[in-house]
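Notes for the structure review
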Amino acid sequence: MINQQPLQEIGSRFSYQDATLNLQGRILGSSPEPLTFSGQVPYPLPFMTVQPPSQAIALRASLKDDGFSLINLFTPLVTWGGGQAHLDVAIGGSLSRPLVEGAIAFNQARFHSPLLNTSLDHLTGAIQLQDQGIKINSLIGNLWEGQIALSGDLPLTSQAARPPGQGLTLALEDLNFNFAEEVSSHINGQITLTNALLSPTIGGDLRLQDTQVAVGPEILNLVNTVLLNPRIKALRQDLAAVREIFPVQVDTLRITLLPARVKAAPLFSLGLQGQLALSGSVPGIYGDGAIALTEGWINTVTAEFFLEEGRDSLIVFRPESKLDPELDLRFIAAVPLQRSYNINRSQALTAGAEIPDIDPLGANTIFDDLLIEARVTGPASRLFENLELSSNPPYSQDQLLSMVTGGYLSDLGGAEPALPLGINLLNAFTADRQDALGNALGLQRFRLTTTSLIPDTEGDRLSLGVGANLGITQNLSVSLIQVLNQAQPFAFNARYRIDDHWGVQGSTNFGNNSRQFLEYRLNFR
């Protein structure tokens with residue numbers, strides 16, 4: 001057994017006479033159809049005076065139908081799934097200038113990919129081998145509920161390369177790519193192969209619509225297989241060795257996202273669209289283009305950052321940076337402040353995060369919060385080095401980092417520390433459903449929220465509320481919140497930040513409780 005492929009028979013005969021190698025043999029797998037080969041190759045050894053009577057090569061191989069199951073001897077990526085197929089190939093010419101004749105024909109054939117758990121079905125057509133190249137009039141099959149079609153001609157080696165513009169074209173029509181319900185995309189376009197089959201140049205134009213990537217166990221298993229599976233690892237090493245002899249180039253392979261979403265719940269969900277052109281040698285590919293973030297969120301322990309509206313957030317690829325793009329991203333979060341948190345810079349270095357002092361009598365409105373902007377500008381490889389945090393009202397970078405990472409929650413009692421943590425644990429595990437509900441209602445943002453009520457004689461109480469939040473400008477925001485597990489009416493809230501210190505805010509339940517506040521904040525650092 002080789003590569004999990006059972007072999008019933010391997011038979012061959014070799015002889016070397018008159019400086020010519022003669023061979024004949026057959027390989028029989030689980031199918032009754034064997035691979036047969038025969039021929040002669042003139043090859044005088046360096047120490048011999050005898051020369052072959054002819055410099056002509058004469059090799060021939062044939063295979064048909066279920067004999068194609070032997071394909072698994074050569075690669076673990078594809079297996080034979082049935083149908084009709086026939087291979088008949090003859091190699092002539094000389095060692096310095098080999099000539100290939102023959103054909104590989106398919107009729108309703110099927111190949112399966114165990115790695116992607118999908119099949120290429122109803123493959124019909126023929127590959128003609130002519131002199132120093134291949135020619136395909138039409139080779140059509142069904143894949144992912146769509147159709148692929150391969151046509152064109154291509155030389156085997158660059159010495160016989162045809163004029164630019166000629167080559168093979170693989171047309172992709174309405175492919176509904178799906179991998180384990182975790183990656184899906186509607187694909188159209190074409191991939192081109194030019195220059196030569198043994199030193200190809202890959203190009204083309206692919207359009208990916210409604211792409212969804214949800215990082216889950218199957219994607220992680222695939223990555224683990226590609227990186228650690230011994231057979232795949234050996235295949236990668238073989239391909240690396242082959243690239244030294246048969247180089248591969250990419251020339252303006254254009255990929256367009258229209259649009260896409262990448263998410264890894266409960267950590268992040270991002271909408272993307274844009275265009276990227278790939279070029280360069282393999283390895284050594286570089287990108288040229290830009291991908292824009294259209295909307296989305298990133299969740300930390302105590303803050304949920306949303307893409308800042310009204311400002312461009314871009315991932316820009318440049319040839320000189322290879323595949324390390326420049327990031328210009330802006331996110332904004334509203335961290336709830338149910339108390340007057342006085343978070344000061346520590347005067348001494350400590351192993352723990354900064355702990356805020358809480359004034360139990362300094363209650364603000366129940367919907368007060370702190371706006372924090374996170375901006376990343378620079379190469380993706382230095383993401384955390386280029387992270388900048390700012391806030392309205394202002395706090396230091398260290399203070400803000402402590403707030404959004406939850407470091408200041410330790411050793412705190414009462415409802416205040418549980419408030420931001422409760423909000424984000426709730427949102428972390430229900431964000432997808434809340435996004436879908438918000439879209440159905442036509443809201444820019446919809447979030448469940450936890451909130452502590454205004455202190456009363458019984459103390460603060462942690463409650464569950466449903467809220468719709470709308471940011472009109474950077475300084476003006478409104479929200480409508482209903483507390484679900486307490487006897488409270490709807491509350492409408494509005495806030496306007498005049499500057500870093502002054503603000504006006506108010507709330508009303510459209511009944512007997514309306515409040516307005518003129519606020520002044522001063523942060524002692």
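This is a predicted model, so every value here is computed, not measured.

Section: the overall build of the protein
The helix and strand inventory of the protein stands at 4 helices and 28 strands. Restricting the contact set of the protein to residue pairs at least 6 apart, pairs at least 24 apart contribute 48%. Of the roughly 28,100 Å² of accessible surface on the protein, 58% is carried by carbon and sulfur atoms.

Remarks on the layout of surface pockets
The rolling of a water-molecule-sized probe over the atoms marks out the regions of remaining empty space. When its volume is computed, the largest pocket comes out at roughly 2,700 Å³. Forming the walls of the largest pocket are 49 residues, and the residues nearest its centre are Thr75, Leu77, Val78, Leu170 and Leu193. Split by residue class, the lining of the largest pocket holds 41 nonpolar, 8 polar and no charged.

A few points about the environment of Gly167
Looking at where Gly167 falls in the secondary structure, it is placed in the loop between β9 (146-155) and β10 (168-179). The exposure class of Gly167 is buried, given its relative accessible area of 14%. Gly167 sits 12 residues away from Pro155 along the chain, and the two C-alpha atoms are 8.3 Å apart. Setting aside anything within four residues of it in sequence, one finds Gly167 in contact with Ser151, Gly152, Asp153, Leu154, Leu193 and Thr194.

Quick look at the pairing of strand β7 (residues 118-131)
In this sheet, β7 lies alongside strand β6 (residues 98-113) in antiparallel orientation, the contact comprising 11 bridges. When the sheet's bridge partners are listed, Ser113 is paired in β7 with Thr118. Linkage of β6 to β7, two consecutive antiparallel strands, is achieved through a turn of 4 residues, within which Asn117 is found at a positive phi near 55 degrees. Bridging between β7 and strand β8 (residues 133-143) involves 7 bridges; their strand directions are antiparallel. The partner of Leu129 across the bridge, within β8, is Ile134. Linking β7 to β8, which pair antiparallel, is a turn of 1 residue.

Comments concerning the side chain of Thr118
Residue placement: Thr118 occurs in strand β7. You can call Thr118 buried: its relative accessible area is 14%. Among the polar contacts listed, one links the side chain of Thr118 to the side chain of Trp144, at a separation of 3.2 Å. When neighbours within four sequence positions are excluded, Thr118 is seen to be in contact with Phe111, His112, Ser113, Leu143 and Trp144.

Side note on the confidence of the model for the protein
Here the protein averages 79 in pLDDT, while 75% of its residues score no lower than 70. Taken together, the stretch residues 338-367 has pLDDT below 50 and engages in 71 contacts with residues farther than four places along the chain or on a different chain. With pLDDT under 50 throughout, residues 408-416 is counted as low confidence; its partners more than four residues away or in other chains account for 24 contacts.

A few points about the packing of aromatic side chains
For the structure on display, the rule yields 5 aromatic pairs. Among the aromatic side chains, those forming a connected cluster through ring pairs are Phe68, Trp80, Phe106 and Phe111.

Quick notes on the nonpolar core
Membership of the largest hydrophobic core comes to 66 residues, with the highest contact counts inside it found for Phe68, Phe106, Leu293, Phe305 and Ile372. Apart from residues no more than four positions distant in its own chain, Phe106 is found in contact with Phe68, Gln84, Ala85, Phe111, Leu123, Thr124, Gly125 and Leu139.

A look at the pattern of salt bridges
The tally for this structure, following the rule as stated, stands at 7 salt bridges. For Arg60, the salt bridge is made with Asp88, and the minimal N-O distance between the two is 3.1 Å. Taken together, the residues Arg60 in strand β4 (residues 58-64) and Asp88 in strand β5 (residues 79-93) connect sequence positions 28 residues apart. Among the residues examined, Asp88 registers a relative accessible area of 24% and is labelled partly exposed. Its salt-bridge partner being Glu385, residue Arg382 comes within 3.2 Å of it at the nearest N-O pair. Residue Arg382 is classed as partly exposed on the basis of its relative accessible area, which comes to 42%. Using a relative accessible area of 59% as the deciding quantity, one classes Glu385 as exposed.

Things to note about unusual backbone geometry
Going from Ala265 to Pro266, the amide bond is cis rather than trans, its omega being 5 degrees. Residue position: Pro266 is located in the loop between β13 (249-264) and β14 (268-281). The omega torsion of the bond from Val282 to Pro283 falls at -5 degrees, within 30 degrees of zero and hence cis. As for its position among the elements, Pro283 is in the loop between β14 and β15 (286-299).

Overview of a nonpolar patch on the surface
On the surface, Phe14, Tyr16, Leu21, Tyr43, Leu45, Phe47 and Leu95 cluster together to form a nonpolar patch covering roughly 740 Å² of accessible area. By the secondary structure assignment, Phe14 is in strand β1 (residues 9-17). Residue Phe14 is classed as exposed on the basis of its relative accessible area, which comes to 54%.

Regarding the pairing of strand β27 (residues 502-508)
As paired strands, strand β26 (residues 491-497) and β27 are joined by 6 bridges and run antiparallel to one another. Across the sheet, Arg497 pairs through a bridge with Gly503, a residue of β27. Pairing between β27 and strand β28 (residues 514-520): 7 bridges, direction antiparallel. Bridge pairing in β28 places Trp502 opposite Tyr520. Following β27, the chain reverses through 5 residues before pairing antiparallel with β28; Phe510 in that reversal takes a positive phi of roughly 60 degrees.

Some details on the environment of Val215
The residue Val215 is located in the loop between β12 (199-214) and α1 (217-228) in this model. A C-alpha to C-alpha distance of 6.5 Å links Val215 and Glu182, two positions 33 residues apart in sequence. Filtering out sequence-adjacent residues up to four positions away, Val215 remains in contact with Leu220, Lys263 and Ala264.

Brief notes about the environment of Ser15
Counting through the fold element by element, Ser15 comes out in strand β1. In this structure, Ser15 is in contact with Thr20, Leu21 and Asn22, ignoring residues within four places of it in sequence.

Scoring rules and cut-offs
- Residues numbered from 1 in each chain as written.
- Predicted model: local features only at pLDDT ≥ 70, side-chain atom pairs only at ≥ 80, totals over all residues.
- Heavy atoms only, no water.
- Helix = DSSP H or I, 4+ residues; strand = E, 2+ residues; numbered from the N terminus.
- Contact = heavy atoms within 4.5 Å.
- Areas by Shrake-Rupley, 256 points an atom, 1.4 Å probe, with all protein chains shown as cover.
- 1 Å grid on protein atoms, 1.4 Å probe; cavity = no way out; pocket = protein on both sides within 12 Å on 5 of 7 lines; lining within 4 Å.
- Points joined across faces, edges and corners; volume = space filled by probe spheres on them.
- Nonpolar A, V, L, I, M, F, W, Y, C, P; charged D, E, K, R; others polar.
- Buried < 20%, exposed > 50% of the residue type's maximum accessible area, 1.4 Å probe, protein only.
- Pairing = 2+ DSSP bridges.
- Polar contact = N/O pair within 3.5 Å; in protein donor to acceptor, adjacent residues only side chain to side chain.
- pLDDT = per-residue confidence, 0-100.
- Phe/Tyr/Trp six-rings, centres within 6.5 Å; stacked < 30°, edge-to-face > 60°.
- Core = buried A, V, L, I, M, F, W, Y, C linked by side-chain atoms within 4.5 Å.
- Salt bridge = Lys/Arg side-chain N within 4 Å of Asp/Glu carboxyl O.
- Patch = residues over 30% accessible without salt bridge, like charges linked within 9 Å, V, L, I, M, F, W, Y side chains within 5 Å.

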